[in-house]
Amino acid sequence: MAQEERDKGKGTVSRLLDFAGDRRGLTYVGCVLSAVAMAVNMVPYVCIWLVVRDLVAVAPNWKEAHSISGYGWAAFGFAVLGIVVYFCALMCTHLAAFRTATNIRKRCMAHLAKAPLGYFDTHASGLLRRRIDGAAAQTETLLAHNLADITGTAAMFVTLLVLLFVFDWRMGLACFMAAVISIGTLFVMMGGKNAQLMAQYYES
């Protein structure tokens, strides 16, 4: 009873991470690394902007742009670094997710082992196994991929906004307004009757 009261005060993800045991921290490390990877992956675009800036500044005397090769190698280096960091992020989240899914299966089987024999007269063992495996697999996908991707997407959005306003606040404001309008249009399209049509489509 005390355990149930403690679980009520926790969020869904926090309750799932309790199954990870000593690998719980790897999920947080993986999310942080995913955010860092997305920020690092934005650096090559900055390098491209610097190349274009230097070329425009010396046009048409292209040979006077001496820093272009340096920017190119920097872009390549940061692109590789972003891949490596993101790989490490997924390794961390996967290790935690595998442990979580395993412990969920073990906890469920231990609970079923205590059930009376009459319970299995009305609940097929194959159906129970499918539900347990399905829930564990969905949890594994959430913790291994979705959390890291959500964190990385949020970091990329923040980094992109910072870069847009740092290099040209007018262009940044224009791009930001375009994104807001597109998101608002998407919500309008998905609302009302369209939402019902989409729900019927997915059900079909």
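Residues numbered from 1 in each chain as written. Predicted model: local features only at pLDDT ≥ 70, side-chain atom pairs only at ≥ 80, totals over all residues. Heavy atoms only, no water.

Engineer: Sorry if this is basic, but what is going on with the pattern of salt bridges here?
Structural biologist: Side chains that carry opposite charge are capable of pairing whenever their charged atoms lie near each other. What the rule picks out here adds up to 5 salt bridges. Here aspartate 54 makes a salt bridge to arginine 53, at a shortest N to O gap of 3.2 Å. The exposure class assigned to aspartate 54 is buried, which follows from its relative accessible area of 14%. Within the structure, one salt-bridge network assembled from shared partners comprises Arg105, Arg129 and Asp133. (Salt bridge = Lys/Arg side-chain N within 4 Å of Asp/Glu carboxyl O. Buried < 20%, exposed > 50% of the residue type's maximum accessible area, 1.4 Å probe, protein only.)

Engineer: Just checking my understanding: could you explain a nonpolar patch on the surface for this structure?
Structural biologist: Nonpolar side chains collect at one region of the surface, where Trp49, Phe157, Val158, Val162, Phe165, Val166, Phe167, Trp169, Leu173, Phe176, Met177 and Val180 lie side by side and expose about 1100 Å² of accessible area between them. Tallying contributions element by element places helix α7 (residues 125-167) first for the nonpolar patch, with 6 residues. Here leucine 173 lies in helix α8 (residues 169-190). (Patch = residues over 30% accessible without salt bridge, like charges linked within 9 Å, V, L, I, M, F, W, Y side chains within 5 Å. Areas by Shrake-Rupley, 256 points an atom, 1.4 Å probe, with all protein chains shown as cover. Helix = DSSP H or I, 4+ residues; strand = E, 2+ residues; numbered from the N terminus.)

Engineer: Where do I start with the side chain of threonine 93 in this structure?
Structural biologist: Position of threonine 93 relative to the elements: it lies in helix α5 (residues 68-113). Those residues in contact with threonine 93, other than ones at most four positions away along the chain, are Leu26, Thr27, Gly30, Cys31, Leu143, Ala144 and Ala148. (Contact = heavy atoms within 4.5 Å.)

Engineer: Any chance you could explain the packing of helix α3 (residues 24-41) against α7 here in plain terms?
Structural biologist: Two quantities define a packed helix pair, namely the angle between the helix axes and the distance between the axes. At a minimum axis distance of 8 Å, the contact between α3 and α7 shows a crossing angle of 35°. Our pair here, α3 against α7, has a crossing hand that is right-handed. Across the interface between the two elements, Thr27, Cys31, Ser34, Ala35, Met38 and Ala39 from α3 touch Leu147, Ala148, Thr151, Gly152, Ala155, Met156 and Thr159 from α7. When the residues that make up the contact of α3 with α7 are grouped by side-chain class, the tally is 8 nonpolar, 5 polar and no charged. (Axes fitted to C-alpha atoms, helices over the stretch in contact; angles between N-to-C directions. Left-handed = near helix turned anticlockwise from the far one by under 90°. Nonpolar A, V, L, I, M, F, W, Y, C, P; charged D, E, K, R; others polar.)

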